[in-house]
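What the coordinates show
Here is how the chains run, residue by residue.
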Amino acid sequence: MNAASSRPHSVGPLPYVVAATFFMEYLDTTVITTALPQMAHSFGANLNAISLGMSAYMIALAIFIPASGWVADRFGSRSVYFAAIVAFTVASLLCAISQNVAEFTAARVLQGLGGALMVPVGRLIVVRTTEKGLLMKAINTITWPAVVAPLIGPPLGGFITTYASWRWIFMLNLPVCLAAMAAVLRWVPNLRNAQRRPFDMVGLVLSGLALTAIVYGSDIASQQGTNPFMGLGVVAAGIVVGCIAVCHARHQAHPLIDVTTLDIPTFSVTVVTGTLTRIAIGAVPYLLPLMFQVAFGLSAFNAGLLLIVSAVGNLAMKAFTTPILRRFGFRRVATIGCAVGGVFIVACGLLTPASPLSWIALVVFVYGVTRSTQFAMLAMLAYADVPPARMTAANTVWNSAYQLSIGLGIAFGALALRAGSALGGGDTATLQTFTLHDFRFAFLCAGALLTASIYGYMKLPRDAGASVIGESAPES
């Protein structure tokens, strides 16, 4: 089926179907963090062994996401999307009934494979079947799970772990998955690329090695009790392999990851500068509940509840994002959003146990507003100037960068926290030794990184994204 001929005149139910599966995948990734101690007790293992399952999931994503576009073009978007949901469903069940670390890790690899195809292919279906004038609404719909899930995941995981069992975290996926399968068969078109491209196996190996090294190295560098320089060395090796992968892709007629899409200015900004933005913003959901527990003395559940204020800010901003972008344009919204977000991320680090609850709520709420705005803005702008023929290639690049930045956001926050403790002469072996000053340093680093990304957005033209805004962006 030709993508252009299948475009509807209205958004329809498709983005909501995709958003539901996105929410399930993103929530599952974040909700498990608070259940790790109970899982370790259940398996009779230590936390480091359980963390292997978390790393295995991220590594599976890193390896298989680059192949998602090729697989969708070859076998059809609906077929691949449906199969990905099936794999994610089966893996969720296997996670729930696993009896040891080995079984759990294997199930998480399968779940990562499902997620690696489910999220990129779902996004590809939406951008290929939506007219440019309706793309803002469609992208805004499928973006909210990535924004909200990391914020409500920790308190939800704490609630399930406290009052039920960690196994229910995975069992709750099953009814959602079954409903999603029925919806996919009803509403998702089976798009294919008429051109049969050869599979770039060398590109898959190089990109898989590069992304795996960066994700795994960042994980090593950020964990307590490890040598951070060893982890950073692995990251550096991954970057070198990544450069080799880029050179390989530029000399291939049909590369697995088409890096020439970065020649499109607006798309390049959302990938390169957007990665820095997402890393800075993504560090906060890790740092904030940890600070509330370690430095403020709150329980894991109560600390997670404070993040719901941020989720409220995210959801409240959804109704205003499109009108604001139409009024002020992408460049102005991006630069002001980074400036405001940077200030309030630093403000998070200036909170103390004596701070009024109203002030804590306001700081966390504004952070949520800026998080929502930046994530939605980047997702909408990414495909604004990408021609239909290059949509699959651009989607593969964007999703690889997006998934990488999500993992690096947590690692950046943890590494900055360790650096703050080391500079203060503290012990970085355990979480409980971090002080309020260490958290302030980490939040300062995240705020500085977000503010630094303003430079990239200043390069955008005044009318950037006009095709998806629906009218010319304002003069600035």
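Let us look at the structure shown here.

The rules behind each value
- Residues numbered from 1 in each chain as written.
- Predicted model: local features only at pLDDT ≥ 70, side-chain atom pairs only at ≥ 80, totals over all residues.
- Heavy atoms only, no water.
- Helix = DSSP H or I, 4+ residues; strand = E, 2+ residues; numbered from the N terminus.
- Rg over C-alpha atoms; globule rule 2.2 N^0.38 Å.
- Buried < 20%, exposed > 50% of the residue type's maximum accessible area, 1.4 Å probe, protein only.
- Contact = heavy atoms within 4.5 Å.
- Areas by Shrake-Rupley, 256 points an atom, 1.4 Å probe, with all protein chains shown as cover.
- Lys, Arg positive; Asp, Glu negative; His and termini not counted.
- Charge placed at Lys NZ, Arg CZ, Asp CG, Glu CD.
- Phe/Tyr/Trp six-rings, centres within 6.5 Å; stacked < 30°, edge-to-face > 60°.
- Salt bridge = Lys/Arg side-chain N within 4 Å of Asp/Glu carboxyl O.

So, the overall build of the protein
Each helix and strand counted, the protein has 19 helices and zero strands in total. Rg of the C-alpha trace for the protein: 21 Å, near the compact-globule value of 23 Å for 476 residues, within the 12% margin. Considering only C-alpha atoms, the protein reaches an extent of 60 × 55 × 40 Å along its principal axes. The buried share of the protein, taken over its 476 residues, is 57%. When contacts within the protein are restricted to residue pairs at least 6 apart in sequence, those whose partners lie at least 24 apart make up 84%. Accessible surface computed for the protein: about 18400 Å², of which carbon and sulfur atoms make up 70%. Taken together, the 26 basic and 15 acidic charged side chains of the protein have centroids lying 6 Å from each other.

Points about the environment of Ile97
Turning to its location among the elements, Ile97 is positioned in helix α5 (residues 77-97). The exposure class of Ile97 is partly exposed, given its relative accessible area of 49%. Separated by 73 residues in the primary sequence, Ile97 and Phe170 place their C-alpha atoms 9.2 Å from one another. If sequence neighbours within four positions are ignored, Ile97 has contacts with Glu103 and Arg167.

Here we look at the packing of aromatic side chains
Per the stated rule, a full pass over the model turns up eleven aromatic pairs. Aromatic side chains Trp70 and Phe75 sit 6.4 Å apart centroid to centroid with 80° between the ring planes, which places their arrangement in the edge-to-face category. The buried category is assigned to Trp70, whose relative accessible area is 13%. Classification of Phe75 as partly exposed rests on a relative accessible area of 46%.

What to know about the pattern of salt bridges
Where side chains of opposite charge bring their charged atoms close, a pairing between them can arise. What the rule picks out here adds up to two salt bridges. Ionic pairing is found between Asp73 and Arg128, a salt bridge with its closest N-O pair at 3.2 Å. In this pair, Asp73 sits in helix α4 (residues 68-75) while Arg128 sits in helix α6 (residues 101-128), placing the two residues 55 residues apart along the sequence. You can call Asp73 buried: its relative accessible area is 6%. By relative accessible area, Arg128 is classed as buried at 9%. Here Arg197 and Asp73 are joined by a salt bridge, their closest N and O atoms 3.6 Å apart. One end of the pair, Arg197, is in the loop between α9 (173-187) and α10 (201-222); the other, Asp73, is in helix α4, with 124 residues separating them in the sequence. As far as burial versus exposure is concerned, Arg197 and Asp73 are alike and both buried. What you see here is one network of salt bridges that share partners, running through Asp73, Arg128 and Arg197.

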